[in-house]
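# Residue-level structural notes
Okay, here's what each chain looks like letter by letter:
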Amino acid sequence: MPLQALSLRSSISTLTVMILSVALLPSMAQSGGNHPWMNSSLSPDERAAMVVKEMTLDEKISLLHGTGMEGLSPMSPLAIHSNGGAGYVVGIPRLGIPGIQMSDAAYGVRNSGDNGRYSTALPSDIASAASWDTEAAYQYGALIGRELRAQGYNMSLGGGINLTREPRNGRTFEYLGEDPVLAGKMVASVVKGLQAQHVLGDIKHYALNDQESGRNAVNVNIDKRSARESDLLAFEIGVQESDVAGVMCSYNRVNGDYACENKYLLNEVLKKDWNFKGFVLTDWGGAHSVEKASAAGLDHEEPGWIFYGEELKKAVESGKVPAAEVDQHVHRILRAMFATGVIDDPVRRSVVDVVGGFEVARKIEEQSAVLLKNDGGQLPLDATKVHTIAVIGPHADVGMISGGGSAQVDPPGGNAIMPPGQGQTRWLEPNWFPTSPLKSIRAKVPGANVQFDSGADAGAAASLAKAADVAIVFAYQWESEGMDLPSLSLPEHQDDLIAKVAAANPHTIVVIESGGPVTMPWVDQVSGILEAWFAGSSGSDAVANILFGDVNPSAKLPVTFPKSEADLPHPTLVKPPKVTVDADREGWKRIAAGLPAFQVTYDEGVKVGYKWYDAEKKPVLFPFGYGLSYTTYSYSGLKVTPGKNPQVSFTVTNTGNRAGAEIAEVYASLPAAAAEPPKRLVAFTKVKLNGGESKEVTVAVDQKFLSIFNVEKDGWQLLPGEYTFLVGGSSQSLPLKESVDLK
Ligand code: BGC
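This report concerns the structure included in the present document. (Residues numbered from 1 in each chain as written. Predicted model: local features only at pLDDT ≥ 70, side-chain atom pairs only at ≥ 80, totals over all residues. Heavy atoms only, no water.)

## With respect to the overall build of the protein
A tally of helices and strands in the protein yields 19 helices and 29 strands. Taking 2.2 N^0.38 as the reference for a compact globule, 743 residues should give roughly 27 Å; the C-alpha atoms of the protein span a radius of gyration of 26 Å, in line with that estimate. In terms of overall dimensions, the protein has a C-alpha envelope of 75 × 65 × 55 Å along the principal axes. Here the protein, with 743 residues, has 65% of them falling under the buried criterion. (Helix = DSSP H or I, 4+ residues; strand = E, 2+ residues; numbered from the N terminus. Rg over C-alpha atoms; globule rule 2.2 N^0.38 Å. Buried < 20%, exposed > 50% of the residue type's maximum accessible area, 1.4 Å probe, protein only.)

## Remarks on the state of the cysteines
The full count for this structure, using the stated rule, is 1 disulfide. Each sulfur of the disulfide joining Cys249 and Cys260 lies 2.1 Å from the other. What sets the handedness of the Cys249 and Cys260 disulfide is the S-S torsion sign, and at about 110 degrees it is right-handed. A residue pair is termed long-range when its members are at least 10 positions apart, and Cys249 in strand S6 (residues 246-249) and Cys260 in the loop between strand S8 (257-258) and helix H9 (263-273) qualify at 11 residues. (Disulfide = S-S within 2.5 Å.)

## Observations concerning the pattern of salt bridges
Using the criterion set out here, one finds 45 salt bridges in the structure. Measuring nitrogen to oxygen at the nearest pair gives 3.2 Å for the salt bridge that ties Glu481 to Arg171. In this pair, Glu481 is assigned in the loop between strand S15 (470-477) and helix H16 (494-504) and Arg171 in the loop between strand S3 (155-156) and helix H6 (180-195), connecting sequence segments 310 residues apart. The burial state of Glu481 is the same as that of Arg171; both residues are buried. Between Glu229 and Arg680 there is a salt bridge, and its shortest N-O distance comes to 3.7 Å. Here the residue Glu229 occupies a position in helix H7 (residues 224-229), and Arg680 occupies one in strand S24 (residues 680-689), the gap between them amounting to 451 residues. Residue classification places Arg680 among the buried positions, given a relative accessible area of 10%. (Salt bridge = Lys/Arg side-chain N within 4 Å of Asp/Glu carboxyl O.)

## Here's the deal with the packing of helix H13 (residues 354-366) against helix H17 (residues 539-547)
Angle between the axes and distance between the axes are the two parameters that describe a pair of packed helices. At their nearest, the axes of H13 and H17 sit 8 Å apart, and the two run at 40 degrees to each other. Classified by the angle between their axes, H13 and H17 sit oblique to one another. Handedness of the H13/H17 crossing: right-handed. Touching Arg362, Glu365 and Glu366 of H13 are Gly539, Asp541, Ala542, Val543, Asn545 and Ile546, all from H17. Split into classes, the residues belonging to the contact of H13 with H17 amount to 3 nonpolar, 2 polar and 4 charged. (Axes fitted to C-alpha atoms, helices over the stretch in contact; angles between N-to-C directions. Parallel < 35°, antiparallel > 145°, perpendicular 65-115°, else oblique. Left-handed = near helix turned anticlockwise from the far one by under 90°. Contact = heavy atoms within 4.5 Å. Nonpolar A, V, L, I, M, F, W, Y, C, P; charged D, E, K, R; others polar.)

## A closer look at the sheet that holds S24
Strand order in the open sheet formed by 4 strands is S24-S23-S28-S29, and the pairing between neighbours is antiparallel. A single partner strand is all that each edge strand has here, and the edge strands are S24 and strand S29 (736-742). Here the average twist between neighbouring strands, direction ignored, is 20 degrees. Here 5 bridges tie strand S23 (residues 660-669) to strand S28 (residues 721-728), and the two strands are oriented antiparallel to one another. (Pairing = 2+ DSSP bridges.)

## With respect to the environment of Pro44
Among the structural elements, Pro44 can be located in helix H1 (residues 44-54). Along the sequence, Pro44 and Pro93 sit 49 residues apart, while their C-alpha atoms lie 19 Å from each other. Setting aside residues no more than four positions away along its own chain, Pro44 makes contact with Arg335, Phe338 and Ala339.

## Some details on H13
The end-to-end C-alpha distance of H13, which contains 13 residues, comes to 18 Å, matching closely the 18 Å that a straight helix rising 1.5 Å per residue would cover. For H13, every residue scored as buried is listed here: Gly357, Val360, Ala361, Ile364, Glu365 and Glu366. Those residues of H13 hidden inside the fold are in contact with helix H4 (125-130), helix H5 (134-150) and H17. (Expected span 1.5 Å × (residues − 1).)

## Describing the packing of H5 against H6
Interaxial distance between H5 and H6 falls to 6 Å at its minimum, and their mutual angle equals 40 degrees. As the angle between them shows, H5 and H6 are arranged oblique. The interaxial crossing formed by H5 with H6 has right-handed handedness. When H5 is examined against H6, the residues Thr134, Ala137, Tyr138, Tyr140, Gly141, Ala142, Ile144, Gly145 and Leu148 are found in contact with a partner set consisting of Lys185, Met186, Ser189, Val190, Lys192, Gly193 and Leu194.

## Looking at the sheet that holds strand S10 (residues 370-374)
Strand order in this open sheet of 6 strands is S10-S17-S16-S15-S11-S14, and the pairing throughout is mixed. Either end of the sheet is taken by a strand with one partner, and the two such strands are S10 and strand S14 (449-453). With strand direction ignored, the average angle separating the axes of adjacent strands in the sheet is 15 degrees. With 7 bridges joining them, S15 and strand S16 (residues 508-514) adopt parallel strand pairing. Residue pairing for S16: Tyr476 is matched across the bridge by Glu513. Packed on one face of the sheet, helix H14 (residues 437-444) meets strand S11 (388-392), S14 and S15 and runs near 170 degrees to S14.

## A word on the nonpolar core
The biggest cluster of nonpolar side chains holds 124 residues, and the ones touching the most others in it are Ile97, Tyr206, Leu265, Trp284, Leu312, Leu334 and Met337. If sequence neighbours within four positions are ignored, Leu265 has contacts with Tyr206, Ala207, Leu232, Val254, Ala259 and Leu270. Leu372, Ile498, Val501 and Leu557 belong to the second largest nonpolar core, which has 34 residues in total. (Core = buried A, V, L, I, M, F, W, Y, C linked by side-chain atoms within 4.5 Å.)

Here you go:
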């Protein structure tokens, strides 16, 4: 929503005042005090229950909503105490409860530009999924947590985990790929790293918010079994493995009900089945009712109080909403605050560790860039033997592109492609970070002749390439919240540019900056391809380290790259029949009232990503789980020990002489009676190996990942029968196979 680009600080203009009986508060009310609930040897639940008992109804209601955002809701005068993030909830100083200062923080803390602060941009979330490295994911969350605290926030709105059902979704870069086990495990690690910094974490957008087009109107139709085994399984793993504080319900409807008032999603699945202890907050403007939402399990409305303010109070007083239900909502918020330590260890601002952030961002990108092609060992480049390099591509002299929308981290110094001082972040306009591929490559080969061409004239770029030993083309495809991609093709004639450069120089390497899969009509003409994603604050150094062999790539694709859009489950993205909301200032009123639905039907069911291409026998450009290294690996000695959580042991050998890290992937085929796609990922592990070294590894497979969701029994069920375990380095290279009977 374009209006969201406005920060709260600049938008406190409306005089729409809700009279709250809470006094004007400092933004971070003093925490703690000598209250009995400050005894940290009590459980978070005990502590929360003690506070709830002391609260007035007004105080309770004040915790259940935000204080406004222009364009999405009225504004409260209390918003003056906002820290400048997307959401601010007033605290209760008399009880020692601090306010909640929420910031978007998908790949770094948002809004630093407007707030005059600095934030590190990590590689985009999908990049972190490509590392398949849960320790790296923990560090990803920890860095964001540290920078949130340093900037005065105590809640993150990151944690996007919607599966890549629709790769043209403009938010694909914010999510963690197409597989529920990979996405769920990775988000859980991010949240653990973040919450260890005493910041409230969040997982979003629950659920099935898989396209931006018509997101406030769309009704997603999907059968329960498919939902539970795919999109919802990612949330189930994330929630259960992280004790996350918040789950953000999404804008869309699911099977007829808005996600934020969907009893099945909220109360039955999230809270009852998964035993989620935290609170459900709406996406910004995602609330649509009082009684229905409250009874369905919605705990908190953002960014304002259209439903969960005066209206909720009236509903409680008239008995339409039971007081005990409100107590439950409040309890969940307080419990999360005690559990994550935001009350015991309140935020204190400090200076962001800029240099430390650069280092973390570089290391994560080095583990996240996927080497897709390397004909004839073209890479790594030997700095002593390359004398002339042509660096080609839009803006590759100054920067690398980043993902937009509410995830956007502001580049220090402004958009690198704009004159200094004129490059502030604007909604739906791409931002480039000042991490220059040209400079990083020049630094690797100080004695060589490294020339740049923007590619605006493909003929001129080809001439430069022809005269060089090697041509490196930096290509991009920008993504943002608020839009979907028109296609998976590179924009701005970049396919033509790459084809012409490749025709001029057989040693052409393409580095892709994208948030998800792109099509590559030139794939057979180039000798090397590196998928760098949106590479973050230190992207160009990380890419140069890989190109010149200082780092051996290890990442693997968390999404399939299809050959063409015609192969997708839905070759055409379903758009709303007409523009459903005008960009007028009162548009939020119509969104809150509910927009007429249009239908998207996921009749491919559980067949998301590789499960679709496998089942439909469609060849792909690059498969899920695929990625090359500068060394090679072999697999041997598979042994499966059946049991509650079967143990899978095998040996990985580095058959080359360079040290590296291999991501080993374990898939399973279920008995025929399960009627599932040919295989599903059930475990993975990253194995570090020196040249020639072998290691035996054992992974335990969670029984749930081998089960089907039985709708009649409303639970996971392991069907008795033969299970085939497949192990290897990509979903399409699985040399080890063993079948066992499981009961
Ligand atoms: C996005 C959320 C975001 C929120 C607050 C919404 O438009 O969908 O992901 O957290 O805005 O900025």
